[in-house]
Structures are given as structure tokens and as C-alpha cells.
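Spelled out from the first residue to the last, the chains are:
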Amino acid sequence: LEIIIQPDGFPEEIRWEVSAGGSSSTDDPSAIIIAQSPYGEVSSEVYKVCLPWEGLYTFTIFDSAGDGLCCTGSYELVLNGQTIGSGMTFGYIESTPFSFPYVRPPSPPTMSPTTTQQPSISTRPSIELECIEITVNSDESVSWDIAIGSESSFTSNAELVATSPFYSGFNETESHLICLVDGEYTFTIYGGIGYTLIFKGDSDIIIAESYDIYGIDSATFNIPYFAPPTTSPTVSSQPSLSHYPTNECIQLDIELQFDTFPDESSWMVIEGSFNDDGSFDGEGIIAQSPFYDPTNYTDAKEEISVCLPGEGVYSFAMRDSSYDGMCCSFGNGGFVISMQGSTIAQGGQFQDYDMITFSVPFLPTPSISPSVSTKPSSSLSPTEDCSRIFISILFDAYPSEVRWIVAEAYGDIGENIVAESPLYDNTNAGSTVTETICLKDGLYVFTISDGAGDGICCSNFGEGRYEVLFLGDTNQTLAEGGDYGYFESTTFLLPYMVLPTSTPSVSPQPTSSISPTSSCVWIEVIINFDANPFDTLWDISIGGYSSYDVDDAVSVADSPIYSMEAAFNTFMQPVCLPGKGRYTFGIMKSGGFQGSGGYILVALSDGGDRTVIAQGGVFDWTDSVTFDLPSYVPPRA
């Protein structure tokens, strides 16, 4: 279709559109727009529009001043070389319906009209269409188009099948439904904040999106979004409404619970794996998140289904642009990804990103991530040697604020997570949930948090509490509480033993049951930081005195300089001491540790067993602990 425009003296007043069916967008807001005039002044030129299917269309021209194009301007419509409409005097608006292929209007009907080739007046085209939804964060500088083929309108003289309207607002969200025949298309956007293309099938599938546009962005896609199988399908009298055979479309479910700043959160699903630093080569994107507007998504839940194209390896990444994850600084956010009812991964406490790689078909494996139950099973018989830990939580009025994790006590507490809570909702208010998890021997930290900073007791919102038990011959309480503000952490050792509450006395007869194979003796220094890690210093000296107590103490290990990134985190430092014997650990910190912070010293045997030899945290400026390692050997010079 050729649209020939000769503007009058005010080209900025003119715009036009081509819509599917017999109505313009003014008469029917749901009308499918096939093409529109570009943004700005309509110039004197020939606009070419590719009509994507056979059927009825409507050309509509608008003049914002209400005086049409008369009397120095005009328009003409030419379809395959034949003029099908023209005009100049039309006031504010004029519409011209026409058919493709073009059929001249029939003569006036007789009393017994014969059948003609005049197409029926229907907004539904004669062939099956697939629709996509285009959502744009727009301002008056934004325009977009859809071209046939793999070339963008920016790089080639592509045939356009749809163009954007004129946007007059600022930072507004606009959505458009565009229906296309099967084929390859390229979407191009000029300017703006971001966009999302969604294939509208049985379930919505994100084709492409970007919220990091610098000038121009484009995306090439196929309709239908996933091609049907190459084998010839059997004829069915009742065709499926889905365009995706079950062996080529595997549904991945994503559940999100946002924190106070949803605009910082984004996610992506790709084929293959991300690089170790969270980057990737830019190919193989299956789906990406839209922009999550705080107006609609603050502390809200979102559920998304992503269609994976077949068997293979995929990766999911959750990102936070402020490097504080989704939990627990500004709310109890998190994510869960699952397939066919089986959880693949979940999380929320990370810094800038969290990544998970998985295979399809997904085969669930035994996991220490617990499922919610109202009562722990008393017949639990794990297939591997592990300790059962029972977690019970009585909620206050806002369970959605509560999260907990169990992490290995090494490195960042957000990294070595071995178990964590599901996403609780407020329907659990006032009720009790329990979890039973199974952990191998080692040192762990249990952390419970509350997004509102008031714990689960004892404000005006209920008398909640939590308890963590070691399930053995006799149940032992590892942690309990409720009035903890934003969060509370407790360190425990498995196999279970009572951690010392004061500086242990020096054993006069150290055990001789450990026979070292070398003169290097390993211990671990574990620091649970409070809000001020930068003023924490420690060292280990030979003999019974710390270097903080005497000037001539011989130091064999000392701390690094800790930055503020360590705040409220747990760090482990392996230390190789130069032989068995007597050592003194000294620590200096202004005012000691505040809250639940502190230090733990763990001795490692040749067989890998761990024994807590000292711990502390309550002191004014310095603290020291002298300890013996078995079978004293004079240290090397």
C-alpha cells in the first residue's frame, strides 16, 4: 500500500494510521494498528506499508486543527498500482475502508442479490494470526517499528508492518497489541527508557526486552515464537490451542517476592552457563525481566512462566543493582525457580547477583533445602551420615517479613548457604511452621531476619518466637529467640557439642591421641562481624602472651584489614601454625563486639575433625586466649 501525502502549510497537525478491520483506533481502541505515521511532521513523500494478510483494512487520517488538508494539501492511497482512496477536505478525521486483495465496491444490491467477491466486514483476518504485546516506557522522543525479516529499519530500507503512535507523555508505560502472520520480524526502538515484547500464546512468553537503551535497540524474532516440529503432525479434528508441542516447550516457573526496591531487581534465563563474574556472551537469551516499577511491585509477589525450547543446559541469574540482594536489608525478598512442581533453586541473600545452572529434563535430587511441614517426621532416616536439625517458628502478624538461612561459617554469610526458608506469606500469621534439615559435620551459622526490623516478638504485632534444635538421643537447643530487631545469628558445630562460654583453661596434659604428619598445624579463625568490621585486629603469638600484652611476643599470624563489606558477615581465615605447642590468640576492637558478633577458634586434626578451642566477643578493647595444641614440638626458627 502506497500512502501519498501532500501536506498543507501545517504538516505538524497531520498523522495517519492503517488498522486491521473496518474501524480506526478512534472508533475501536482495540483495533490492531498495522502502520502509523512517523513521529514529527508528516512530509511530502510516499509512505510504503506492507499489508501482512488478506482481509479488510482501514486507512485513517487525522488533523489536530480540524481543517483537513484543504486547500493546498491532499492524500492518495494506491494499492498495487490502483488508486483506492483520496481526499483533502475532511475536518478532524477521515477513514477509508478497503480490502486486500482490492475488490471494487459492488453495485447497489438488487432484491435478490447474487454472491459477490466483496469480503465480509470482519475485524478477524482470513488466516490465523499470532499476537505480540509491546510495552514501552515512553516519552515524546520515542518511536518504534516492526519490519519484515532480520534487518532493522535503522540499517536497511526494510518493509514495515507496524509503527508506533506519537507519544506525548513522559516516563509513561504504553502497551500495544500487534498481530502478525508467521515469519521473521525485527523490532527497532529509537530512544526511550525500555521496552518488553511478549508473545501472547496460551501463556505469556517474553521474547525480548531491554531497560538499558542508549539511542537505538533492536530484536529479531520469529512468529510463532517457537517453531513447530519438523515432523508432519497428525490431523486432528480438535486442534490444540497451543503452538508448542510438549516435547519442545518445557515450562520453568519463577516466583519472586520483592523487597522495598523492586526497581533494583532483574532476572534472566539463558541457554548454557554464565561466566564466573556473572557476565555472558550476549547470545542464547530465553527470557528477561521487565522493569519492576516500585509503584506496583514494592513488597509485592510476582509469578512468571518461561517456556524453555527443549532439553539442554540452562542458567538463571537474579541481579540487584544496589549490591544488597533481595533480602534482608530492605525487606524479605527472594526468588524460587521450579519445574513441574520441583524446586530447582531459591535464594534472596546475595550481593549483586545469584546464578543457578540446571539441566532439562530436570531430575530432582535430595536437597537440604527443606519443604514446609506442620510437624517434623519422626521416621526420618537420611541415606547419608548427617545430623538432623529441627527449626520451629511461631509467626507474628507478618510472616512475609521473616526469612532464615543456614550457612557454612566460611566466607561471606550470603555465599555458602546450605538451607533457607521458603517465601512465607501473611496467611500464616499467628501459626507455627516447622522444618527438618539434614547437615553434614561442620561449623554453621543460623541467621533469622525480619524485614521490618521488629523481630517476631514482642511488638504490637504478636508474640512470635523461634527455636532451632539438634535432634539426637536427647534434643538440644541450638538457638532460640524472637525479639531480635532486623536479624540474629547463632553459630553451632556438628556433630553437636556445647560451645564454651568462657575462655578455656590451659590443659596441663594435652591429648596425645593425634599424631601429626607434619610440623604445620592448621587452625581456623572465624569472625562474626558486627556493624564495624574495620576496627577489628587480631594476631596469634608463640607462647603464653599476646603481642597486644607484651612488646617482645613473637607473632606468627595476623589479620588482614577488614572493609565495611564485612559488616554483619562471617569470615573464616585458615592459619598454619609452625608446629604443635602453646599459642596465644589476641584480638583488639574498640568496645568489643556489639550484638551477636564474636570470634571462634577451631583446631583441625589430620583427619579433618574440627574442635572449638576458644570463643568470645564481650570485652572492652582487647581479649586474649592461650591454648595448647597437642604433642608440643618446638617451633621452627
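See the structure above.
Along each chain, the written sequence defines residue order, and numbers are assigned to residues from 1. Under the rules for a predicted model, residues below a pLDDT of 70 receive no local features and side-chain atom pairs below 80 are neither given nor counted, while totals for whole chains, interfaces and linings still include all residues. The side-chain figures draw on all heavy atoms in the structure; neither hydrogens nor water molecules are used.

Across its full length, the chain holds one helix and 40 strands. Burial classification: accessible surface area is computed with a 1.4 Å probe over protein chains only, and a residue below 20% of its type maximum counts as buried, one above 50% as exposed, and the rest as partly exposed. For the chain, with 637 residues in total, the buried portion stands at 46%. We call two residues in contact when some of their heavy atoms are within 4.5 Å. Intrachain contacts of the chain at a sequence separation of at least 6 include 72% that bridge at least 24 residues. Summed over its atoms, the accessible surface of the chain is roughly 31,100 Å², and 50% of this surface lies on carbon and sulfur atoms. The numbering of helices and of strands both runs from the N terminus, where a helix is a DSSP run of H or I of at least 4 residues and a strand a run of E of at least 2. Methods summary: accessible areas were calculated by the Shrake-Rupley approach with a probe of 1.4 Å, and residue burial reflects only the protein chains presented.

It is worth spelling out the environment of Phe 62 at this point. For Phe 62, the position within the fold is in strand β5 (residues 55–63). Residues Phe 62 and Glu 94, spaced 32 residues apart in sequence, show a C-alpha to C-alpha distance of 6.8 Å. Contacts of Phe 62, omitting those with residues within four sequence positions, involve Glu 13, Ile 14, Arg 15, Trp 16, Glu 17, Thr 26, Phe 90, Tyr 92 and Ile 93.

As a further point, take the nonpolar core. Buried residues of nine kinds, namely Ala, Val, Leu, Ile, Met, Phe, Trp, Tyr and Cys, make up a nonpolar core once their side-chain atoms join them within 4.5 Å. Core analysis: the largest hydrophobic core is formed by 53 residues, its most contacted members being Ile 3, Trp 16, Ile 132, Trp 144 and Ile 146. If sequence neighbours within four positions are ignored, Ile 132 has contacts with Ile 146, His 176, Leu 177, Ile 178, Leu 180, Ile 198, Phe 199, Lys 200, Ile 207, Phe 221 and Ile 223. Within the second largest apolar cluster, 30 residues are counted, among which are Phe 258, Tyr 297, Val 306 and Phe 362.

What follows deals with the state of the cysteines. Sulfur atoms of two cysteines make up a disulfide when they are within 2.5 Å. Across all of its chains, the model carries three disulfides by this definition. Between the sulfur atoms of Cys 386 and its disulfide partner Cys 438 the distance amounts to 1.5 Å. What sets the handedness of the Cys 386 and Cys 438 disulfide is the S-S torsion sign, and at about 70° it is right-handed. Note that Cys 386 is positioned in the loop between β24 (353–360) and β25 (387–394) and Cys 438 in strand β28 (residues 432–439), a separation of 52 residues in sequence.

This paragraph deals with the pairing of strand β34 (residues 537–542). In the sheet, β34 pairs with strand β37 (residues 582–588) via six bridges, with the strands oriented antiparallel. For Asp 539, the partnering residue across the bridge sits in β37 and is Gly 586. Paired strands, as defined in this entry, are two strands with at least two bridges between them according to DSSP. With four bridges joining them, β34 and strand β35 (residues 554–558) adopt antiparallel strand pairing. In the sheet register, Ser 541 faces β35, and the bridge partner there is Ser 555.

As a further point, take unusual backbone geometry. The phi angle of most residues is negative, glycine excepted, and most peptide bonds adopt the trans form. A cis amide bond links Cys 457 with the next residue in sequence, Cys 458, at an omega value of 15°. The residue Asn 80 is not glycine, and still its phi comes out positive at about 50°.

Now for the sheet that holds strand β8 (residues 93–100). If you walk across this open sheet you meet the four strands as β3-β2-β5-β8, and the pairing is antiparallel. The two strands at the open ends of the sheet, each matched to only one other strand, are β3 (33–36) and β8. Recorded for the sheet is a direction-independent mean angle of 20° between the axes of neighbouring strands. As paired elements, strand β2 (residues 14–20) and β5 share seven bridges and run antiparallel to each other. Across the sheet, Ile 14 pairs through a bridge with Asp 63, a residue of β5. Throughout, an axis means a line fitted to C-alpha atoms (over the contacting stretch in the case of helices), and angles, computed between N-to-C directions, take values from 0 to 180 degrees.

Another aspect to go through is the pattern of salt bridges. We count a salt bridge whenever a side-chain nitrogen from Lys or Arg sits within 4 Å of a carboxyl oxygen from Asp or Glu. For the structure shown, the criterion picks out nine salt bridges. For Lys 200, the salt bridge is made with Asp 204, and the minimal N-O distance between the two is 3.1 Å. For Lys 200, a relative accessible area of 30% puts it in the partly exposed group. Here Asp 204 falls in the partly exposed class, since its relative accessible area comes to 40%. For the salt bridge of Arg 465 with Glu 480, the shortest nitrogen-to-oxygen distance reads 3.1 Å. Residue Arg 465 is located in strand β30 (residues 465–471), and its partner Glu 480 is located in strand β31 (residues 476–481); the two are separated by 15 residues in the primary sequence.

A few words on the packing of aromatic side chains. Two rings from Phe, Tyr or Trp (for Trp, the six-membered ring) form a pair when their centres sit within 6.5 Å of each other. Planes less than 30 degrees apart are called stacked, planes more than 60 degrees apart edge-to-face, and all others tilted. Within the structure shown, the criterion is met by 27 aromatic pairs. For the pair Phe 187 and Tyr 195, a centre-to-centre distance of 4.9 Å together with 45° between the ring planes defines the contact as tilted. The class of Tyr 195 is buried, set by a relative accessible area of 2%. A centroid spacing of 6.3 Å and a plane angle of 70° characterise the contact between Tyr 562 and Phe 571, whose relative ring orientation is edge-to-face. The class for Phe 571 is partly exposed, based on a relative accessible area of 26%. Each member of the aromatic cluster is reached from another via a ring pair, and the members are Trp 16, Tyr 47, Phe 59, Tyr 75 and Phe 90. Our definition puts a charge over a ring when NZ of Lys or CZ of Arg is within 6 Å of the ring centre and also within 35 degrees of the ring normal. Between the NZ or CZ atom of Arg 15 and the centre of the ring of Phe 62, over which it lies, the distance is 4.1 Å.

A few words now on the sheet that holds strand β39 (residues 610–616). Across the sheet, four strands lie side by side as β36-β33-β38-β39; this open sheet has antiparallel pairing. With one partner strand each, in any of the chains shown, β36 (570–577) and β39 form the two edges of the open sheet. Each neighbouring strand pair of the sheet contributes to a mean axis angle of 20°, computed without reference to strand direction. The pairing of strand β33 (residues 521–528) with β36 spans eight bridges and is antiparallel. Of the residues in β36, the one forming a bridge with Glu 524 is Pro 574.

Looking at where Glu 13 falls in the secondary structure, it is placed in the loop between β1 (2–6) and β2. For the buried residue Glu 13, which engages in no salt bridge, the nearest side chain bearing the opposite charge is Arg 15, 12 Å off. If we skip the residues at most four places from it in the chain, Glu 13 touches Phe 62, Asp 63, Ser 64, Ala 65 and Asp 67. Positive residues here are Lys and Arg, negative ones are Asp and Glu, while His and the chain termini are left out of the count.

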